[in-house]
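# Survey of secondary and tertiary structure
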Amino acid sequence: MSGQAQDAPILLEVKDLKKHFPIKRGFLSRTTGYVKAVDGVSFYVRQGETLGLVGESGSGKTTTGRLVVRAYEPTAGEVWFTDREMGRINIATLRSQQLKRLRRNVQMIFQDPYSSLNPRMTLLQTVGEPLMLHGVAKGKELTNRVAELLEVVGLRPQYMNRYPHAFSGGQRQRIGIARALALNPQLVICDEPVSALDVSVQAQILNLLQDLQQKFGLTYLFIAHDLSVVEHISDRVAVMYAGRLVESAATPKLFANPRHPYTEALLSAVPKPDPRVRTEPMMLPGEVADAANLPSGCPFHPRCRYRIERCVTETPPLREIEPEHFASCHRSEELRLIGVFGPAAAVGSTSNGNGHRAEPEPAPLEQRSSEPEHHQEIG
């Protein structure tokens, strides 16, 4: 991240955001519980930077993104955004007319380029729809604007009268990007925009997103589960588990020196570019925490190899361990967790003399809870 972005003002600030979906059962559909998909998430995104939001399936990262754009109504919490027209506003409390104005400055790119485009609409209709709905352009002006947007994302303007079925997955995602950029937004929520694409096409789309960010001064909230992708595009990374944020830091620092055991497990599954480095993905016991029935204390404690009795009974708050490095673990200061090997590991890493990170010391067996372990591989 550039020094300018580090000193830039905060564009988006999420405070204690929650989304609890009711569980209804029985003939009368009575509410018997809640799925805590997002449970007290707080983070910020500076103007011009990319924040990567990562976690395994079911962690709540996509729900968080949709709460930011008010595709879902939040149960509680605040989403503060500095809109170029309306000033600093709480998205969580906006009314319908204000939301329509907000859509000009906050847009979303969806995961599946096949289902996110209407098969009955041409490119001209798809990309031009936001412009017509907001009264920005019509007629010849609309056509010219769509042609310009298609060129910006690497498509020929001659294609604008074709339908989505005539394009490949990568081309369809470019169409989705053009649609998101139509109103010149400040913030773009990228919901796993490359996960449905081939690896070679992923690189093209990621490079396109970075070029567009530089050209238009965009800010990204980049949601993904592939840490290799996140490392490539993100300035900072926030890690989610069971609806909660467990760690956030600048990308090089988090990859080299994680401070939460769940982050360490995720990083162990990242492929290492050096063939001389042989590592195995870390095996986590148990299953992913059930958002409808979260364990007591730290939600990750049933799967954590470093847990102590305090982890079972007391929920750790998200606190600043180092400047701009936050973690929610009781043992963040004492654990020496393993990051990703390579040049990035030079940031705050601990070496064992061979150029590799030192192995962490698991908690004594007598300090761990006596739950049966069913191993599941991460990644």
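First, a word on scope: everything that follows refers to the structure included in this document. It should be emphasised that the depicted structure is a prediction, and the values quoted were computed from it without experimental measurement.

Quick reminder: α-helices carry 3.6 residues per turn. Residues three or four places apart thus point the same way. Burial within helix α2 (residues 61-68) is extensive, with six of its eight residues counted as buried. Every buried residue belonging to α2 is among Lys61, Thr63, Thr64, Gly65, Leu67 and Val68, and all of these are buried. Of the residues one or two after α2, Arg70 is the one with positive phi, at around 60°.

So, on to the packing of helix α4 (residues 123-133) against helix α6 (residues 169-181). α6 packs onto α4 with a crossing angle of 30° between their chain directions and a minimal axis gap of 7 Å. With respect to α6, the axis of α4 lies roughly parallel. Contact residues: α4 offers Leu123, Thr126, Val127 and Pro130, while α6 offers Ile175, Ala178 and Arg179. In terms of residue class, the contact of α4 with α6 is made up of five nonpolar, one polar and one charged.

As summarised here, the arrangement of the eight strands in space is β6-β7-β8-β3-β9-β10-β13-β12, forming an open sheet in which the pairing is mixed. The open sheet has two free edges, formed respectively by β6 (106-109) and β12 (319-322), since each of these has just one partner strand. Shown here is a sheet whose adjacent strand axes are inclined to one another by a mean of 25°, direction ignored. In the packing of helix α10 (residues 261-268) onto the sheet, contacts are made with β9 (236-241) and β10 (244-250), and the angle to β9 comes to roughly 105°.

Two aromatic rings are characterised by how far apart their centres lie and by the angle between their planes. Evaluation of the coordinates by the stated rule reveals five aromatic pairs. Relative to Tyr72, the ring of Phe21 lies with its centre 5.7 Å away and its plane at 85°, an arrangement referred to as edge-to-face. Of this pair, Phe21 sits in strand β1 (residues 10-25) while Tyr72 sits in the loop between α2 and β4 (76-83), and the two are 51 residues apart along the sequence. Judged by centre distance (5.2 Å) and plane angle (85°), the rings of Tyr241 and Phe300 are edge-to-face. One end of the pair, Tyr241, is in strand β9; the other, Phe300, is in the loop between β11 (283-285) and α11 (309-313), and 59 residues separate them in sequence. Here the aromatic cluster, defined as three or more aromatic residues joined through ring pairs, consists of Tyr241, Tyr262 and Phe300. When the ring centre of Phe21 is taken as reference, the NZ or CZ atom of Lys19 above it lies at 5.1 Å. Sitting over the ring of Tyr44, Arg236 keeps its end group 4.3 Å from the ring centre.

What follows covers the nonpolar core. If you look at the biggest cluster of nonpolar residues, it comprises 67 residues, and the most contacted ones within it are Val153, Ile177, Leu209, Leu212, Phe222 and Val239. Looking at this core, the element that brings in the most residues is helix α5 (residues 139-152), giving six residues. Discounting chain neighbours no more than four positions away, the residues touching Leu212 are Val152, Val153, Ile177, Leu181, Gly217, Leu218 and Tyr220. In this structure, Leu51, Val79, Leu221 and Met240 belong to the second largest nonpolar core, which totals 30 residues.

Working definition: two side chains of opposite charge can pair if their charged atoms are close together. Throughout the structure, instances matching the rule amount to twelve salt bridges. Glu56 serves as the salt-bridge partner of Arg303, at 3.4 Å between the closest nitrogen and oxygen. Taken together, the residues span a long stretch of sequence, with Arg303 in the loop between β11 and α11 and Glu56 in the loop between β3 (50-54) and α2 at a distance of 247 residues. Between Arg310 and Glu314 there is a salt bridge; the shortest N-O distance is 3.2 Å. With relative accessibility at 35%, the residue Glu314 sits in the partly exposed group.

Parameters at a glance
- Residues numbered from 1 in each chain as written.
- Predicted model: local features only at pLDDT ≥ 70, side-chain atom pairs only at ≥ 80, totals over all residues.
- Heavy atoms only, no water.
- Buried < 20%, exposed > 50% of the residue type's maximum accessible area, 1.4 Å probe, protein only.
- Helix = DSSP H or I, 4+ residues; strand = E, 2+ residues; numbered from the N terminus.
- Axes fitted to C-alpha atoms, helices over the stretch in contact; angles between N-to-C directions.
- Parallel < 35°, antiparallel > 145°, perpendicular 65-115°, else oblique.
- Contact = heavy atoms within 4.5 Å.
- Nonpolar A, V, L, I, M, F, W, Y, C, P; charged D, E, K, R; others polar.
- Pairing = 2+ DSSP bridges.
- Phe/Tyr/Trp six-rings, centres within 6.5 Å; stacked < 30°, edge-to-face > 60°.
- Lys NZ or Arg CZ within 6 Å of the ring centre and 35° of its normal.
- Core = buried A, V, L, I, M, F, W, Y, C linked by side-chain atoms within 4.5 Å.
- Salt bridge = Lys/Arg side-chain N within 4 Å of Asp/Glu carboxyl O.

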